[in-house]
Amino acid sequence: MSRRVIIDTDTAGDDTQAILMAVLADSLTVEALTVVAGNVEFDRQVENAKYTLDLAGVADEVPVHEGARSPLVKEFEHVPHVHGEGGLGGDLFPETGIDSARAYAPDAIVEAARDSPGEVSLLCIGPLTNVALALRREPALGDLLDSVYVMGGAVNTLGNDTPAAEFNFWVDPDAATVVVDDLDVTLVDWGLCVRQGTLDADDIAPFEAAETEYAEFFATIAEAPREFSRRQQGVDAVTQSDSIAAACLLEPDLIEGSGTYYVDVDEREGMTRGYSLVDELGVTDNEPGTRVVERIDGEQFYRTFSDMLLHGDPERSL
Ligand code: BDR
Ligand code: CA
């Protein structure tokens, strides 16, 4: 039986790959995409989302709902220096002509959850503003959802946006605080993604050699992040964080190690904005409520990713 999912996304490079993975998997039915302020200029993200659906041939089936154009409270900055101008590597600026769905994204999330209690999962791969707004509208959202997978935070490790914080949590720490507090979240953090979701030049080579549409799209979106990684760390690599979250939702057996901990997010402005406190040693006496993914089957993740790009079927070897 296929599981139903809404993907909440700030659609730039790695978001597109997570979306592709979910829409190409037979065991998932993507009900909608909801777009949230994050990686690049909002209207670009909306177009990037529609372009990705169109590439997979599902633009007619999956509505795109526009959501929050800014975080709940704070100012933020886009990251075109990571994903490229426009978010798709720097040279691709789709104009799909596809209409957005009418409902505001947080309303669409609430409506889907109320219509089918216990049946819809959320895959959150951007800042958590839309989800926090949905929670404001429906405080019982957690009871109405099947599961909630979040890519965000940096669990007792360096962040990517600041030394203290991962990008999604940094952009809207007020939303992240509410979401990890109120929902039963499975958290895929930046640390895990660096450890197990970093593709180096050898990993990428088969995709560059392939002539499939998806592999070519990956090569396009990977250009800017690879350049960023070369500049920043002297390594030719690209991290597929959002796809790890999608893969964990798609195939829960991919998760080889996890722990449930108390998690909180620093919503104060300042050098620790967006810092994710994860009480791995249980020193705070606060109730552990967030499942943190600590280890995945990295080889299986790479196979799933390759099967998606080379064969259009992420579940080929599952
Ligand atoms: C996260 O931030 C964004 O740049 C990526 O799309 C991913 O969701 C990684 O920190
Ligand atoms: Ca993202």
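Below is a summary of the structure that appears in this document. In this text, all values refer to a predicted model and were calculated from it rather than measured experimentally.

1. Details of the state of the cysteines
Then step 1. Scanning the entire structure with this criterion turns up zero disulfides.
Then step 2. Residue Cys124 stays outside any disulfide, its sulfur separated by 14 Å from that of Cys248, the closest cysteine.
Then step 3. Of all cysteine sulfurs in the structure, the one in Cys248 sits closest to Cys193, which takes part in no disulfide; the separation is 8.5 Å.
Then step 4. We classify Cys193 as buried; its relative accessible area is 0%.

2. A word on the coordination of the calcium ion (ligand 2)
Then step 1. All of the protein donors around the calcium ion (ligand 2) are Asp10 (OD), Asp15 (OD), Asp15 (OD), Ile125 (O) and Asp242 (OD); their distances to the metal are 2.2 to 2.6 Å.
Then step 2. In the primary structure, the donors to the calcium ion (ligand 2) are separated according to the pattern D-x4-D-x109-I-x116-D.

3. Let's talk about the packing of helix α4 (residues 105–115) against helix α5 (residues 129–137)
Then step 1. Two numbers describe how α4 lies on α5: the axes approach to 8 Å, and their chain directions differ by 55 degrees. By the criterion of interaxial angle, the relationship of α4 to α5 is oblique. Taken as a pair, α4 and α5 cross one another with a handedness that is right-handed. For the pair α4 and α5, the contacting residues are Ala105, Pro106, Asp107, Ile109, Val110 and Arg114 in the first and Asn130, Leu133, Ala134 and Arg137 in the second.

4. Section: the pattern of salt bridges
Then step 1. As enumerated under the stated definition, the model contains 17 salt bridges in all.
Then step 2. Salt-bridge contacts for Glu95 lead to Arg44; the nearest nitrogen and oxygen are separated by 2.8 Å. Of this pair, Glu95 sits in the loop between α3 (80–83) and α4 while Arg44 is found in helix α2 (residues 42–55), placing the two residues 51 residues apart along the sequence.
Then step 3. By relative accessible area, Arg44 is classed as buried at 13%.
Then step 4. Across the pair Arg231 and Glu227 runs a salt bridge whose closest N-O atoms are separated by 4.0 Å. Of the two residues, Arg231 and Glu227 both sit in helix α11 (residues 213–233), four residues apart, roughly one turn of that helix.

About the thresholds
Residues numbered from 1 in each chain as written. Chains lettered and ligands numbered in written order. Predicted model: local features only at pLDDT ≥ 70, side-chain atom pairs only at ≥ 80, totals over all residues. Heavy atoms only, no water. Disulfide = S-S within 2.5 Å. Buried < 20%, exposed > 50% of the residue type's maximum accessible area, 1.4 Å probe, protein only. Donors = N, O, S within 2.8 Å, 3.2 Å for Na, K, Ca; no water. Axes fitted to C-alpha atoms, helices over the stretch in contact; angles between N-to-C directions. Helix = DSSP H or I, 4+ residues; strand = E, 2+ residues; numbered from the N terminus. Parallel < 35°, antiparallel > 145°, perpendicular 65-115°, else oblique. Left-handed = near helix turned anticlockwise from the far one by under 90°. Contact = heavy atoms within 4.5 Å. Salt bridge = Lys/Arg side-chain N within 4 Å of Asp/Glu carboxyl O.

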